[in-house]
Amino acid sequence: MLFATLAAGEGLDVLNPATQQRIATVKAYSTEEIARLIEAADAARGAWAARTAKERSVVLRRWYDLVMSHQEDLAALVTAESGKPLAEARGEVAYGAAFIEWFAEEGKRAYGDTIPTFANGKRVLTIRQGVGTCAAITPWNFPVAMITRKVAPALAAGCAMVVKPAEATPLSALALETLAHEAGVPAEVFRVVPTDDPAGVGTLFCTHPQVRKLSFTGSTRVGQLLMEQAAANVTRLSLELGGNAPFIVFDDADLDAAVDGLMASKFRNAGQTCVCANRILVQDSVHDAFLAKVQERVAALVVGDGAQPGTTIGPLINEAAVKKVGALVADACEAGARVLAGGGKSPVGTGFFEPTILADVTPDMAVASAEIFGPVVPVIRFADEPQAIRIANDTPYGLAAYFYARDVGRIWRVMEALEYGMVGVNDGIISTEVAPFGGIKHSGLGREGSRHGLDEYLELKYCLMGGI
Ligand code: ADP
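Rules used in this analysis
- Residues numbered from 1 in each chain as written.
- Predicted model: local features only at pLDDT ≥ 70, side-chain atom pairs only at ≥ 80, totals over all residues.
- UniProt positions renumbered as here; feature names shortened; annotations may be inferred.
- Helix = DSSP H or I, 4+ residues; strand = E, 2+ residues; numbered from the N terminus.
- Rg over C-alpha atoms; globule rule 2.2 N^0.38 Å.
- Buried ≥ 20, exposed ≤ 12 C-beta atoms within 10 Å, placed from the backbone.
- Contact = placed C-beta atoms within 7 Å.
- Pairing = 2+ DSSP bridges.
- Axes fitted to C-alpha atoms, helices over the stretch in contact; angles between N-to-C directions.
- Near = placed C-beta within 6 Å.
- Nonpolar A, V, L, I, M, F, W, Y, C, P; charged D, E, K, R; others polar.
- Parallel < 35°, antiparallel > 145°, perpendicular 65-115°, else oblique.
- Left-handed = near helix turned anticlockwise from the far one by under 90°.
- Domains from an automatic or database assignment.
- Core = buried A, V, L, I, M, F, W, Y, C linked by C-beta atoms within 7 Å.

An unreviewed UniProt entry lists the chain under the name Succinate semialdehyde dehydrogenase, from Novosphingobium aromaticivorans. Taken directly from UniProt, the Sequence similarities (unreviewed entry) text for the chain runs: "Belongs to the aldehyde dehydrogenase family."

Here it is, written out as structure tokens:
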């Protein structure tokens, strides 16, 4: 049993976005209950931190093995609660598990420094120690990976962690918790606490004196709210917020590779990722040829229930999301955009939106400034490199950017000029546990994955030893 389920209405009801049917009901924790769990976590973390890094690593490695041996069950849960096609859900479980494997190893390398001294009789050194008890708030679009990329480095660093998963997707989170405890993570040290009061729990996480660090992935609006509240307790923050990724196709690009990259970047999870291409900038001379190729590929997408074999585009997370995407498309059309494919709700069911291509989009349209979070390709034409860079950077966001070009001088210029935390050059998929994921500007603070992801959960202590 990977999680306990209650009767309908007795807690948080979890719906399948493809059918709108209830699939489970889980306990909804109150802020009072969560405060007690934070205190229990804080009491238990000393013993966890006192284990050697290798001992923690062995437990984490066991957790990784358990997650991978339950890959099919976890993937089925992810598809049922988030709607993404099963093949993508399997991929997410492997991707999510990879963070556990990575940090099981990386935790052993939390090195300090010895620094050449400034005075005889004194020695200067640094050590790295876990920040203490941590909290996390995660979104519904990657119900497994957004948790493991926070929890694994926290546990590896000797911290305790209390996670509030998204209301829509608590099931895979609870399953991960069960497997972590089975692997040997002490129950108090890692807790998953679904709730129907996200705002109250956000405030609790920011203001409880024993929470030393909060890691949040979600909207910029909520991230800003948390940052304001965290000021009270000077709580350390990692924030992975919204994006508005440009995807630029220059006239020297390999167009077929660019189309492959766009399909991967745009349509993963039906366009519901913070690194999905959000604005497609195409240079004049290749504009029509590129669009013709994209049209062909979009026509081959299969919209349907993610649990059905062959589905490539699942439902959006809920009907409000379908409405929001529809309104952005309608607004763009009113302002002069041309629909080359799709354009509205899909006949497959209430939660589905048709894969859509919009040509003649201009940067001032809402579809080019809002995070779409749906399967819509808005195409903006540009004349030259400086114009493309200007349009690409003209946003408060700075998470991921992509471009396709072959000229090596151009590649360096554009890579350096893009004001983003991550740049995909001739590639549409950049996420991996080995690289630092994160944004600048309104897209957030801090990095997840790679050796930098461990630093987010470590404090650097400087020690001066005198009397030598
Ligand atoms: P999305 O639009 O992708 O759902 P949100 O930022 O609303 O993005 O949600 C991401 C996470 O933030 C979810 O776990 C959600 O429950 C949580 N959340 C929503 N509102 C608040 C809030 N006021 N304080 C803290 N967490 C919140």
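From this point, the narrative continues.
Undergrad: I tried to follow the overall build of the chain on my own but got confused; where do I start?
TA: Counting secondary structure elements, the chain contains 15 helices and 18 strands. A compact globule built from 468 residues should have a C-alpha radius of gyration of about 23 Å, and the chain, at 23 Å, falls within 12% of that. The dimensions of the chain, computed from C-alpha atoms along their principal axes, are 75 × 65 × 40 Å. Taking all 468 residues of the chain together, the buried fraction comes to 52%. Look at the contacts in the chain between residues 6 or more apart in sequence, and 70% of them connect residues 24 or more apart.

Undergrad: Looking at this structure, I do not really get the sheet that holds strand β6 (residues 160-164). What am I missing?
TA: Each strand in a sheet pairs with another by means of backbone hydrogen bonds, the pair being arranged parallel or else antiparallel. One open sheet holds the 6 strands; their spatial order is β7-β6-β5-β8-β9-β17, and the pairing between them is mixed. With partners counted over all chains shown, the strands left at the sheet margins are β7 (190-192) and β17 (444-445), one partner each. Pairing analysis gives 5 bridges linking strand β8 (residues 213-217) to strand β9 (residues 236-240), with the strands arranged parallel. Residue Phe216 lies in a different strand from β9, and its bridge partner there is Leu239. Docked against the sheet, helix α7 (residues 198-207) engages β5 (133-137), β6 and β8, running at close to 155 degrees with respect to β5.

Undergrad: Any chance you could explain the site of the ligand here in plain terms?
TA: Close contacts around the ligand come from 13 residues, with Pro198, Ala199, Gly202, Gly218 and Ser219 the closest. At the level of elements, α7 and α8 (220-230) are the ones that each hand at least two residues to the shell around the ligand. Tallied by class, the residues present in the shell around the ligand amount to 8 nonpolar, 4 polar and 1 charged.

Undergrad: Can you help me understand the packing of helix α3 (residues 71-82) against helix α4 (residues 86-106) in this one?
TA: Packed helices, taken two at a time, are described by the angle their axes make and the gap between the axes. Running from N to C, α3 and α4 point in directions that differ by 120 degrees, and their axes come no closer than 8 Å. One finds that α3 runs oblique with respect to α4. The crossing of α3 and α4 is right-handed. Contact with α3, carried on its side by Gln71, Leu74, Ala75, Val78 and Thr79, involves Leu86, Ala89, Arg90, Glu92, Val93 and Ala94 of α4 and no other residues of that element.

Undergrad: Please explain the domain arrangement of the chain as it appears in this structure.
TA: How big an interface is tends to be stated in terms of accessible area lost as the parts join. Once the domains are mapped, the chain shows domain 1 (12-241 + 443-464) and domain 2 (245-425). Computed over C-alpha atoms only, the centres of domain 1 and domain 2 are separated by 31 Å. The partner domain 2 presents 21 residues to the 14 residues of domain 1 that form the contact. For the side of domain 1 that touches domain 2, the secondary structure elements donating two or more residues are α3 and α4. Residue classes in the side of domain 1 that touches domain 2 are distributed as 6 nonpolar, 6 polar and 2 charged.

Undergrad: Quick question: what am I supposed to make of the nonpolar core here?
TA: General note: in soluble globular proteins, nonpolar side chains tend to be found buried as a group. Among the nonpolar cores identified, the biggest contains 76 residues, and Leu60, Ile100, Leu155 and Met161 are the most heavily contacted of them. When residues in this core are grouped by element, the largest group, 10 residues, is from α4. Ile100 has contacts with Leu60, Trp63, Tyr64, Val67, Thr148 and Ala152, leaving out every residue within four places of it along the chain. Listed in part, the 69 residues of the second largest apolar core include Phe250, Ile313, Phe352 and Val377.

Undergrad: What exactly am I supposed to notice about the UniProt feature "domain: Aldehyde dehydrogenase" (unreviewed entry) in the chain here?
TA: In the UniProt entry, the feature "domain: Aldehyde dehydrogenase" (unreviewed entry) is given for residues 10-462. End C-alpha atoms of residues 10-462 are separated by 50 Å, and the span's content is 42% helix alongside 19% strand.

Undergrad: Would you explain the sheet that holds strand β18 (residues 458-465) in this entry?
TA: If you trace the 3 strands from one edge of the open sheet to the other, you get β3-β4-β18, paired in antiparallel fashion. Each edge of the open sheet carries a strand with a single partner, namely β3 (114-115) and β18. Relative to strand β4 (residues 123-130), β3 is paired through 2 bridges, and the arrangement is antiparallel. Across the sheet, Ile115 pairs through a bridge with Val124, a residue of β4.

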